[in-house]
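Summary of the model geometry
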Amino acid sequence: MKSLAGTASKLPIKFRIPTAENLVPIRLDIEIDGNRFRDAFTWNPTDPDSEVVVFAKRTVKDLKLPPAFITQIAQSIQSQLTEFRSFEGQEMYTGEKIVTLKLDLRVNNTIIRDQFCWDLNNFESDPEEFARTFCKDLDIKDPEVGPAVAVAIREQLYEIAIQSVASARETRISKKGRRGAEYVSASKAGGAALDLVKLFGGKSSVLRKRKEWDLYEPIVDLLSNEEVEALDAREERNARLKKRLNDKDDVYLTNYTSS
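First things first, this report covers the structure right here in the doc. Being a predicted model, the structure only gives us computed values, none of them experimental. (Residues numbered from 1 in each chain as written. Predicted model: local features only at pLDDT ≥ 70, side-chain atom pairs only at ≥ 80, totals over all residues. Heavy atoms only, no water.)

Here's the deal with the pairing of strand β6 (residues 110–119)
Rules: For every residue, the accessible area obtained with a 1.4 Å probe (protein chains only) is divided by the maximum for its type, and the residue is called buried under 20%, exposed over 50%, and partly exposed between those limits. Here a strand is any run of E in DSSP of at least two residues, a helix any run of H or I of at least four, and the numbering for each starts at the N terminus. Pairing between two strands is assigned when DSSP locates at least 2 bridges connecting them.
Burial runs high along β6: 9 of the 10 residues are buried. Between strand β5 (residues 97–107) and the antiparallel strand that follows it, β6, lie 2 residues; N108 among them carries a positive phi value of about 55°.

Brief notes about the packing of aromatic side chains
Cut-off, in case you're wondering: In this analysis, rings of Phe, Tyr and Trp, with Trp reduced to its six-membered ring, are considered paired at centre separations within 6.5 Å, and the interplanar angle assigns stacked below 30 degrees, edge-to-face beyond 60, and tilted for intermediate values.
If you walk through the whole model with that rule in mind, you get 11 aromatic pairs. Relative to W43, the ring of F41 has its centre 6.4 Å away and its plane inclined at 55°; by these criteria the two rings are tilted. When its relative accessible area of 13% is taken as the criterion, F41 is described as buried. Residue W43 is classed as buried on the basis of its relative accessible area, which comes to 8%. Relative to W118, the ring of F116 has its centre 6.3 Å away and its plane inclined at 50°; by these criteria the two rings are tilted. Among the residues examined, F116 registers a relative accessible area of 0% and is labelled buried. According to the relative accessible area criterion, W118 is buried, its value standing at 1%.

Quick look at helix α2 (residues 68–87)
Note the threshold: The span you would expect from a helix comes to 1.5 Å times its residue count less one. Arc definition: it is the arc formed by the directions from the helix axis to the C-beta atoms. Whether two residues are in contact is decided by their heavy atoms: any pair within 4.5 Å suffices.
Here α2 contains 20 residues, and its C-alpha end-to-end distance of 31 Å stays within 8% of the 28 Å for a straight helix at 1.5 Å per residue. Looking at α2, one finds that the buried residues are F69, I73, A74, I77, Q80, L81, F84 and F87. Taken down its axis, α2 places every buried residue within 145° of arc, on the same side. Packed against the buried residues of α2 are β2 (24–32), β3 (35–43), α1 (50–63) and α4 (145–174). Looking at the residues trailing α2, positive phi occurs at G89, about 90°.

Thoughts on the pattern of salt bridges
What counts here: A pair is scored as a salt bridge if a Lys or Arg side-chain nitrogen falls within 4 Å of a carboxyl oxygen belonging to Asp or Glu.
The final tally for this structure, using the stated rule, is 7 salt bridges. The residue R132 makes a salt bridge to E129 at a minimum N-O spacing of 2.8 Å. A residue pair is termed a helical-turn pair when its members lie 3 or 4 positions apart in one helix, as R132 and E129 do in helix α3 (residues 127–137) at 3 residues. The closest approach of N and O atoms between D139 and K141, which form a salt bridge, is 2.8 Å.

Observations regarding the layout of surface pockets
To be explicit about the condition: The definitions used throughout rest on a 1 Å grid laid over the protein atoms alone, on which a cavity is an enclosed set of points accommodating a 1.4 Å probe that cannot get out and a pocket is an open set flanked by protein within 12 Å on both sides along at least five of seven lines; lining residues are those having an atom within 4 Å of a point. Grid points are joined across faces, edges and corners, and a volume is the space filled by probe spheres set on the points. Residues are grouped as follows: Ala, Val, Leu, Ile, Met, Phe, Trp, Tyr, Cys and Pro are nonpolar; Asp, Glu, Lys and Arg are charged; every other residue, Gly included, is polar. As used throughout, domain bounds are those supplied by an automatic or database domain assignment.
In this structure, the largest pocket spans a volume of roughly 1,300 Å³. Breaking the lining of the largest pocket down by element, the ones donating at least two residues are β2, β3, β5, α4 and α6 (225–258). Sort the elements by how many residues they give to the lining of the largest pocket and α6 lands first, with 8 residues. Among the residues making up the lining of the largest pocket, the classes are represented as 13 nonpolar, 4 polar and 16 charged. Shared between two domains, the lining of the largest pocket holds at least three residues of each, these being domain 1 (13–175 + 186–222) and domain 2 (225–258). Its boundaries defined by the atoms lining it, the second largest pocket holds a volume of some 200 Å³. In terms of lining residues, the second largest pocket is bounded by 10 residues, among which P25, Q80, E83, Y158 and E159 are the most central. Per element, the largest residue contribution to the lining of the second largest pocket is 4 residues, and it comes from α4. In the lining of the second largest pocket, the residues fall into 4 nonpolar, 1 polar and 5 charged.

Pasting the structure below:
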């Protein structure tokens, strides 16, 4: 494992996700006139923005979606890229730290639940390689599971990196000379950061403590088509209910501000 900075937790570095490739996790959930499109993938923030529209057009064509989806897909991707780029150049802290990452996913007929420790100071870690090994070890056949696992990991690492930026900013403002950032774990990350060397003395990015093997044992369930249809129907109902509530809130705010 190679640290990005030799003086790990004492000096700040410029913002980036603690992985070998600094990719942006993108998640789309768009509904237009009863048609719903959901997807999750990674995007290279250095790619030209013109590629976003090209991707949106190709996606709509390949999936035979209504043309109105082109604008919505492009705008959603661009918005997420803009947010990511807003952190670029800002300072964050790194150090000999680990956090617990959690997986709770359903991809088609496959449900995955797992949790494991991830080394935040290993900037050569590879969520995609981990996902491929994860699927191979658990004999998961669905080719869509691996990318979904990798995106879920990257989303949590992204949240932690954002928290590190906020912590570095607070350090500068308070001028209290804290020795390192206090990694504030988001709900997705689950659990506070721990000192890697003291606990494990290892150099791996993904770790499981022996005494917690039973607790951290991954769970993979395969659903029947009927179970998938029932879950899809429930998710659709919940999505429609959430949309109606949001619409009502928007109408209320509009009426309130205009009165």
